[in-house]
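Each chain, letter by letter, is given below.
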Amino acid sequence: MTQLAQALQQVRSKLDAAAQAAGRPAQDVQLLAVSKTFPAAAIREAYAAGQRAFGENYVQELQSKCRELADLAIEWHFIGPLQSNKSRIVAELAHWVHSVDRLKIAERLSAQRPAALSALNVCIQVNVSGEDSKSGCAPQDAPALLRAVAALPGLRVRGLMCIPEPTPDPALLAARFAVLRQLQQQMAAEGMPLDTLSMGMSADMAQAVAAGSSMVRVGTAIFGARHYPA
Ligand SMILES: *Cc1c(COP(=O)(O)O)cnc(C)c1O
């Protein structure tokens, strides 16, 4: 077994154990492999080990990897900050977008989603850390944004995403994740059930699963440390 296949298996066991500890079925928690900065060959290797969903942060990288890996049945997730002038590429290539945080971006994705493709799955990114984070809509603005996005053709609203600020404090982390869970419960009570909570990364995936995550986005624990070009 390759080192990468081994790392992938370790992450899956960790998620299974976290789900079991939380009294949740293991299949409730999807693993999104975050492959940003890693070459297409690494994705091929993870694919050979059974991984199908991959997350990318940068539009250009998504584009080149989609091209290089067109022979594989990959489910592509765009999870990075999305600028208006790059939305068309994402609308044409991605199966999911986790980082919608304003109506304007959702409207562009809706208009640009090719009619021949199935609806683009969308999560609304929520800023659960207040001033410490720039991305994401404010929690109190999320319900109205969810309803507005749900009305757009070509998009399918699936849920909510967050990136809490790094913290060594487990209680603070749990409080951040709870913001998303509470919004999910609020929307269910208002007649808009959401099946996806995209939360948890390499450092906090077990806590995220305990807090109700249905999709963890894991990079480092699968592919190793990232080296950004200078
Ligand atoms: C990079 C990234 C991840 C993965 O982070 P790791 O700590 O490497 O697991 C998850 N989500 C988003 C939005 C990211 O940008």
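For the structure itself, look to the data block above.
Predicted model only: the values in this text are computed from it and were never measured.

Analysis parameters
- Residues numbered from 1 in each chain as written.
- Predicted model: local features only at pLDDT ≥ 70, side-chain atom pairs only at ≥ 80, totals over all residues.
- Heavy atoms only, no water.
- Helix = DSSP H or I, 4+ residues; strand = E, 2+ residues; numbered from the N terminus.
- Phe/Tyr/Trp six-rings, centres within 6.5 Å; stacked < 30°, edge-to-face > 60°.
- Buried < 20%, exposed > 50% of the residue type's maximum accessible area, 1.4 Å probe, protein only.
- Near = heavy atom within 4 Å.
- Polar contact = N/O pair within 3.5 Å; in protein donor to acceptor, adjacent residues only side chain to side chain.
- Areas by Shrake-Rupley, 256 points an atom, 1.4 Å probe, with all protein chains shown as cover.
- 1 Å grid on protein atoms, 1.4 Å probe; cavity = no way out; pocket = protein on both sides within 12 Å on 5 of 7 lines; lining within 4 Å.
- Sits in = over half its atoms within 2 Å of the grid points.
- Nonpolar A, V, L, I, M, F, W, Y, C, P; charged D, E, K, R; others polar.
- Points joined across faces, edges and corners; volume = space filled by probe spheres on them.
- Salt bridge = Lys/Arg side-chain N within 4 Å of Asp/Glu carboxyl O.

Moving on, we get to the environment of Q185. Summarising the element assignment, Q185 is placed in helix 7 (residues 170-189). Sequence-wise, Q185 and Q207 are 22 residues apart; in three dimensions their C-alpha atoms are separated by 19 Å.

Two descriptors summarise a pair of aromatic rings, namely the distance from one centre to the other and the angle between the planes of the rings. Enumeration according to the criterion identifies 2 aromatic pairs in this entry. With 5.3 Å between their ring centres and 25° between their planes, F38 and F223 make a pair best called stacked. Here F223 lies in helix 9 (residues 220-223) and F38 lies in the loop between strand 1 (30-34) and helix 2 (40-48), a separation of 185 residues in the sequence. Judged by relative accessible area, which is 13%, F38 ranks as buried. Residue classification places F223 among the buried positions, given a relative accessible area of 11%.

A separate point is the site of the ligand. Taken together, V34, K36, N57, I79, I163, M201, S202, R217, V218, G219, T220 and R226 make up all the residues around the ligand. Contacts to the ligand include R217, whose side-chain N or O atom sits 2.9 Å from a nitrogen atom. R226 places a side-chain nitrogen or oxygen 2.8 Å from an oxygen atom of the ligand. With the chains in place, 90% of the 390 Å² that the ligand exposes on its own is no longer accessible. Among the detected pockets, the ligand sits in the largest pocket. Taken together, the residues that form the shell around the ligand break down as 5 nonpolar, 4 polar and 3 charged.

Gaps left between atoms show up when a probe the size of a water molecule is rolled over them. Computed from the structure, the largest pocket encloses a volume of approximately 800 Å³. As for the largest pocket, its lining consists of 37 residues, and the residues nearest its centre are I163, P164, P166, M201 and R217. Among the secondary structure elements, those contributing two or more residues to the lining of the largest pocket are helix 7 and strand 8 (215-218). Counted by class, the lining of the largest pocket contains 17 nonpolar, 12 polar and 8 charged residues. Considered as a void within the structure, the second largest pocket measures approximately 230 Å³ in volume. What lines the second largest pocket is R12, L15, D16, A26, V29, Q30, L31, G50, Q51, R52 and A53. Every element with two or more residues in the lining of the second largest pocket is listed here: helix 1 (3-21) and strand 1. When residues in the lining of the second largest pocket are grouped by element, the largest group, 3 residues, is from helix 1.

A few words now on the pattern of salt bridges. Under the criterion given, the structure shown has 7 salt bridges. Residues E56 and K65 are paired through a salt bridge, measuring 2.8 Å at the closest nitrogen-oxygen approach. In this structure E56 comes out as buried when scored by relative accessible area, which is 0%. Residue classification places K65 among the buried positions, given a relative accessible area of 4%.

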